[in-house]
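The lines below spell out each chain.
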Amino acid sequence: AVFVTKESHCLRAILEAYATDEFDAELSVVIGNHDDLEPLVTQYEIPFIDIGDESGIPDEDQILSVLDEYQIDLAVLARYMRILSPKIVFRYEDRIINVHPSLLPSFPGAAAYRQAKEEGVRIAGVTAHYVTTDLDQGPIITQRAFDVPDDASVETIRNRGQPLEADALLEAIQLHLDNAISVHRGRTGLHSSSDSSASESEYQLGLPEDLETV
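Parameters at a glance
Residues numbered from 1 in each chain as written. Predicted model: local features only at pLDDT ≥ 70, side-chain atom pairs only at ≥ 80, totals over all residues. Heavy atoms only, no water. Helix = DSSP H or I, 4+ residues; strand = E, 2+ residues; numbered from the N terminus. Buried < 20%, exposed > 50% of the residue type's maximum accessible area, 1.4 Å probe, protein only. Contact = heavy atoms within 4.5 Å. Areas by Shrake-Rupley, 256 points an atom, 1.4 Å probe, with all protein chains shown as cover. Phe/Tyr/Trp six-rings, centres within 6.5 Å; stacked < 30°, edge-to-face > 60°. Core = buried A, V, L, I, M, F, W, Y, C linked by side-chain atoms within 4.5 Å. Pairing = 2+ DSSP bridges. Axes fitted to C-alpha atoms, helices over the stretch in contact; angles between N-to-C directions. Parallel < 35°, antiparallel > 145°, perpendicular 65-115°, else oblique. Left-handed = near helix turned anticlockwise from the far one by under 90°. Nonpolar A, V, L, I, M, F, W, Y, C, P; charged D, E, K, R; others polar.

### Notes on the overall build of the protein
Part 1 of the argument: From N to C terminus, the protein includes 6 helices and 9 strands.
Part 2 of the argument: By the burial criterion, 44% of the 214 residues in the protein qualify as buried.
Part 3 of the argument: Restricting to contacts in the protein with at least 6 residues of sequence separation, those with at least 24 account for 58%.
Part 4 of the argument: Counting every atom, the protein has about 11900 Å² of accessible surface; 44% of that belongs to carbon and sulfur.

### Considering the packing of aromatic side chains
Part 1 of the argument: For the structure shown, the criterion picks out 1 aromatic pair.
Part 2 of the argument: Taken together, a centroid distance of 5.2 Å and an interplanar angle of 70 degrees make the contact between F3 and Y80 edge-to-face. Here the residue F3 occupies a position in strand β1 (residues 2–4), and Y80 occupies one in the loop between β4 (75–77) and α4 (86–89), the gap between them amounting to 77 residues. In this pair, the class of F3 matches that of Y80, namely buried.

### Quick notes on the nonpolar core
Part 1 of the argument: Grouped together as the largest cluster of nonpolar side chains are 45 residues, with contacts concentrated most on V2, V4, L11, I14, V30 and L169.
Part 2 of the argument: Only β1, α1 (9–19), α2 (38–42), β5 (96–100), α5 (112–119), β6 (123–130), β7 (140–147) and α6 (154–177) provide two or more residues apiece to this core.
Part 3 of the argument: A total of 9 residues in this core trace back to one element, the largest contributor, which is α6.
Part 4 of the argument: Of all hydrophobic cores here, the second largest spans 20 residues; its members include A1, I51, I72 and I88.

### What to know about the sheet that holds strand β2 (residues 30–32)
Consider a sheet: its strands pair through backbone hydrogen bonds, and that pairing is either parallel or antiparallel.
Part 1 of the argument: One open sheet accounts for 7 strands, arranged β3-β2-β1-β4-β5-β6-β7; its pairing is mixed. If you trace the sheet from one side to the other, it starts and ends with β3 (48–50) and β7, each paired once. For this sheet the average axis-to-axis angle between neighbouring strands, irrespective of direction, equals 20 degrees.
Part 2 of the argument: Pairing of β5 with β6, which is carried by 4 bridges, proceeds in the antiparallel orientation. Its bridge partner being in β6, I97 is matched across the sheet by Y130.

### Describing the packing of α5 against α6
Part 1 of the argument: Where α5 contacts α6, the axes come no closer than 9 Å and their chain directions differ by 130 degrees. Between α5 and α6, the crossing angle belongs to the class labelled oblique. For the element pair α5 and α6, the recorded crossing hand is right-handed. Contacts from Y113, R114 and K117 in α5 reach V154, I157, R158, G161, Q162 and E165 in α6.
Part 2 of the argument: A breakdown of the residues in the contact of α5 with α6 according to their chemical character gives 3 nonpolar, 2 polar and 4 charged.

In structure tokens, the structure reads:
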């Protein structure tokens, strides 16, 4: 199940990947707390269910009912701008993936790109992580980073970050579906015997192998 609000870039990337059989999984339903993205979803003949009042506040009992109805194994928050309560998070522990527009643990919460601008960072980024009851503090799965020019506006930073949000989220989904990651004491690790075709080096940042550490 994919959860959305109004931003389409992550959802669109997921739909396109699903349509080209990149995922060995069924995208069963898209749940929104507004109906803005329903036309996009229906193009792919996937059910869209709007669970939210006029302010976008969802009925979580209805969410749980839908997740049960579709026998959901993994939930993906594709820029879903609501905080899930413990009754959902605990039921789907290590099975809810969120994407956040910062290099966590820096700048959790709302307006992360604005926070990056106000703090004058030179490197910003995005993070895909498992959801816990601590806001934006769950185990990190993937991250992407980008340079921030001195004169960059919040909009410029957002425009640089959004394509990477989709990229990090897609990789995190694939790693989960490949059973390539485990969670231990709040941190993720790669299974050495994973069936994933990717090697560990592809998922870690670090110095090039030919660069000696002094």
